[in-house]
Amino acid sequence: MLGSIKKMFSGSEEETTVNSTVKPDISRERSAELYEKSKTYFPGGVNSPVRAFKSVHGTPLFIQKGDGCFIWDADGNQFIDFCASWGPLILGHNNSAVREKVIEAMQNGMSFGAPTALENQLAELILKNNKYIRKLRFTSSGTEAVMSAVRLARGYTKRDKIIKFEGCYHGHLDSLLVKAGSGLVTFGETSSAGIPKSFADETIVVPLNNIQAVEEAFEQFSDQIAAVIIEPVPANNGLLLQTQEFLEFLRRICTKNKSLLIFDEVISGFRVGFEGAAGYYNIYPDIITYGKIIGGGLPVGMYGASEEIMGMISPDGPVYQAGTLSGNPVAMAAGIAQLTELSKSNFYKDLNNKTFEFTESIQRYATAKNYKFKVFTIGSIFWFAFTDRESISNADEIDASSMEKFKIMHRELLNRGVYLGPSGYEVGFVSSTHSKIELEKAKRAIFESLDIVFRGSRA
């Protein structure tokens, strides 16, 4: 027994034989019933498109509960969860400190549309531990935070055009839900029906990690560009890690042209560190946006900047932004509980080290097997890519055909009790509740699934 435990944590996975036989598919009977019913209520049967499982095998799983690093679906299947509600559950599901704080707040009421002391407490906790912003405004979602940040940048600079990058997702606001055309510098083309062309025309789309493209955009439109917006850790279309040099270049060129630099940290904020990517790369953006991680997974967002820039926001200034649920007391209470845990000494060091050990062992296994497979990671975020490239920093570098391999892998992982987001373009997340035992189980499931993918065992 002792020998098997030592072997489990020895780090020599590449030398260990794994059982790569095909497992029968999990039962989805109850989920299938719920999905058929939901299609009579919602477009595609879901309230957010990726949940429809169109990129992977089978009917969507309807999740019934979560606890720690586990989730259970309506059929009673249990999974080790690496989706974490798309990232914010850094303390795992149903964290007791967050839950107790939420219950305490709810006993006093759930919404007032008026200021509460909880807003002050959460803001103080954030601002005391994040030197990159001096004032902030809470919103109800990451999309709303980005929408408000873009409006603020336009109001502050009195300019209209925004530079965004192909492969970065900033929520479903009209002016940024665009895709690039041909050439280095293009105006955005609407990527959703219902967006007026005139809105997209104010957005300039350039490739990621391409200094020349950004320079050309500023040469053509220097006095018209209000802001450059980027996910400093692009994590909505693969994990497209950017170089320090490129991000520092963006800071310089924005300063030179009196344009604002917006870091969209809805994913990376409070994930790669308490100060997010700004702290990770030590770059001062002009505006930073954050998402639901600051509310323990509850609907909340936030944007922040210097006192001068934030002074443009109503009622202090002419840029209007409002919301009845902004600063909702239940979300604020959850945020206080979660960020208090995150601010503790060594929280991120321990979590990031755990993630690195987990992903490194998976990479060692794939490399030993000569599989065309890479694990990209930063902080506690990871992404599985079926590629032999050492880095992928641009959306064009992702092989779309490789998503068929992910489809097989996703199915095999579900059958082995491991849950990833239902798309090969989505990233995964490790939480503080993923123990060595659960991570070891997940690794073995991943090894077996990779063997099946590359040996073509699944019919």
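Nothing here was measured: the structure is a model prediction, and the numbers come from that model.

Thresholds applied
- Residues numbered from 1 in each chain as written.
- Predicted model: local features only at pLDDT ≥ 70, side-chain atom pairs only at ≥ 80, totals over all residues.
- Heavy atoms only, no water.
- Helix = DSSP H or I, 4+ residues; strand = E, 2+ residues; numbered from the N terminus.
- Expected span 1.5 Å × (residues − 1).
- Buried < 20%, exposed > 50% of the residue type's maximum accessible area, 1.4 Å probe, protein only.
- Contact = heavy atoms within 4.5 Å.
- Polar contact = N/O pair within 3.5 Å; in protein donor to acceptor, adjacent residues only side chain to side chain.
- Salt bridge = Lys/Arg side-chain N within 4 Å of Asp/Glu carboxyl O.
- Pairing = 2+ DSSP bridges.
- Axes fitted to C-alpha atoms, helices over the stretch in contact; angles between N-to-C directions.
- Lys, Arg positive; Asp, Glu negative; His and termini not counted.
- Right-handed = clockwise from strand over helix to strand, strands pointing away.
- Phe/Tyr/Trp six-rings, centres within 6.5 Å; stacked < 30°, edge-to-face > 60°.

## Description of helix α11 (residues 329-342)
Part 1 of the reasoning: Between the first and last C-alpha of α11 there are 20 Å, a value that for 14 residues agrees with the 20 Å anticipated at 1.5 Å per step.
Part 2 of the reasoning: Within α11, 12 of the 14 residues are buried, which leaves it mostly tucked inside the rest of the structure.
Part 3 of the reasoning: Within the sequence span of α11, burial applies to Pro 329, Val 330, Ala 331, Met 332, Ala 333, Ala 334, Gly 335, Ile 336, Ala 337, Gln 338, Leu 339 and Leu 342.
Part 4 of the reasoning: In this structure, the buried side of α11 is in contact with α3 (96-106), α4 (117-128), β4 (135-139) and α12 (347-368).
Part 5 of the reasoning: The opening residue of α11 is Asn 328, an N-cap whose side-chain oxygen sits 3.0 Å from the backbone nitrogen of Val 330.

## Considerations on the pattern of salt bridges
Part 1 of the reasoning: This structure, assessed with the given rule, holds 14 salt bridges.
Part 2 of the reasoning: Measuring nitrogen to oxygen at the nearest pair gives 2.9 Å for the salt bridge that ties Lys 39 to Glu 36.
Part 3 of the reasoning: Residues Lys 344 and Glu 341 are paired through a salt bridge, measuring 3.1 Å at the closest nitrogen-oxygen approach.
Part 4 of the reasoning: Judged by relative accessible area, Lys 344 falls into the partly exposed class, the value being 45%.
Part 5 of the reasoning: Taking relative accessible area as the criterion, Glu 341 reaches 24% and is therefore assigned partly exposed.
Part 6 of the reasoning: Residues participating in the shared-partner salt-bridge network are Glu 412, Arg 416 and Glu 448.

## Overview of the environment of Ile 225
Part 1 of the reasoning: With respect to the secondary-structure elements, Ile 225 resides in strand β10 (residues 225-230).
Part 2 of the reasoning: Put simply, Ile 225 and Ile 204 are 21 residues apart on the chain and 9.1 Å apart in space, counted from C-alpha to C-alpha.

## Thoughts on α12
Two residues of an α-helix separated by three or four positions point the same way, owing to the 3.6 residues in each turn.
Part 1 of the reasoning: Across its 22 residues, α12 extends 32 Å between first and last C-alpha, which sits within 8% of the 32 Å expected from 1.5 Å per residue.
Part 2 of the reasoning: Positioned one or two residues after α12, Asn 370 has a phi angle of 60°, which is positive.

## Some details on the sheet that holds strand β16 (residues 418-419)
Part 1 of the reasoning: An order of β1-β2-β3-β16 is seen for the four strands of this open sheet, with the pairing classed as mixed. For this open sheet the edge positions go to β1 (63-67) and β16, each flanked by a neighbour on one side alone.
Part 2 of the reasoning: As defined by bridge partners, β1 adjoins strand β2 (residues 70-73) across four bridges and the pair is classed as antiparallel. In the strand pairing of β2, Lys 65 is matched with Trp 72.
Part 3 of the reasoning: Sheet strands in contact with helix α14 (residues 436-455) are β2, β3 (78-81) and β16, and its direction is about 100° off that of β3.

## Some points on the environment of Glu 448
Part 1 of the reasoning: Among the secondary structure elements, Glu 448 is positioned in helix α14.
Part 2 of the reasoning: Taking the C-alpha atoms as reference points, Glu 448 and Pro 232, 216 residues apart in sequence, are found 33 Å from one another.
Part 3 of the reasoning: Within the structure, the side chain of Glu 448 is placed 2.7 Å from the side chain of Arg 416, a separation counted as a polar contact.

## Focus on the side chain of Glu 144
Part 1 of the reasoning: Tracing the sequence through the fold places Glu 144 in helix α5 (residues 142-157).
Part 2 of the reasoning: Despite its burial, Glu 144 remains without a salt bridge, the nearest opposite charge being carried by Arg 137 at 8.1 Å.
Part 3 of the reasoning: Those residues within four positions of Glu 144 in sequence are excluded, and the remaining contacts are Thr 139, Gln 321, Ala 322 and Ser 326.

## Observations concerning the pairing of strand β11 (residues 260-265)
Part 1 of the reasoning: Counting buried positions along β11 gives six out of six residues, so the element sits mostly inside the fold.
Part 2 of the reasoning: Burial along β11 is two-sided: Leu 260, Ile 262 and Asp 264 facing one way and Leu 261, Phe 263 and Glu 265 facing the other are all buried.
Part 3 of the reasoning: Read from β10 through helix α8 (residues 244-256) to β11, the crossover connection turns out right-handed.
Part 4 of the reasoning: The pairing of β11 with strand β12 (residues 287-290) spans four bridges and is classified as parallel. Pairing of Glu 265 across the sheet is with Tyr 290, part of β12.
Part 5 of the reasoning: What joins β11 to β12 is helix α9 (residues 276-281), and the crossover it makes is right-handed.

## Some points on the packing of aromatic side chains
Part 1 of the reasoning: Following the criterion strictly, the structure yields 20 aromatic pairs and no others.
Part 2 of the reasoning: A centroid spacing of 4.9 Å and a plane angle of 75° characterise the contact between Tyr 280 and Tyr 281, whose relative ring orientation is edge-to-face.
Part 3 of the reasoning: The class of Tyr 280 is partly exposed, set by a relative accessible area of 49%.
Part 4 of the reasoning: Each member of the aromatic cluster is reached from another via a ring pair, and the members are Phe 82, Phe 358, Tyr 371, Phe 373, Phe 382, Phe 384, Phe 386 and Phe 454.

## Let's talk about unusual backbone geometry
Part 1 of the reasoning: Looking along the chain, the bond that leaves Ser 314 and enters Pro 315 is cis, with omega of 15°.
Part 2 of the reasoning: Backbone geometry places Lys 258, a non-glycine residue, at a positive phi of 55°.
Part 3 of the reasoning: With respect to the helices and strands, Lys 258 occurs in the loop between α8 and β11.

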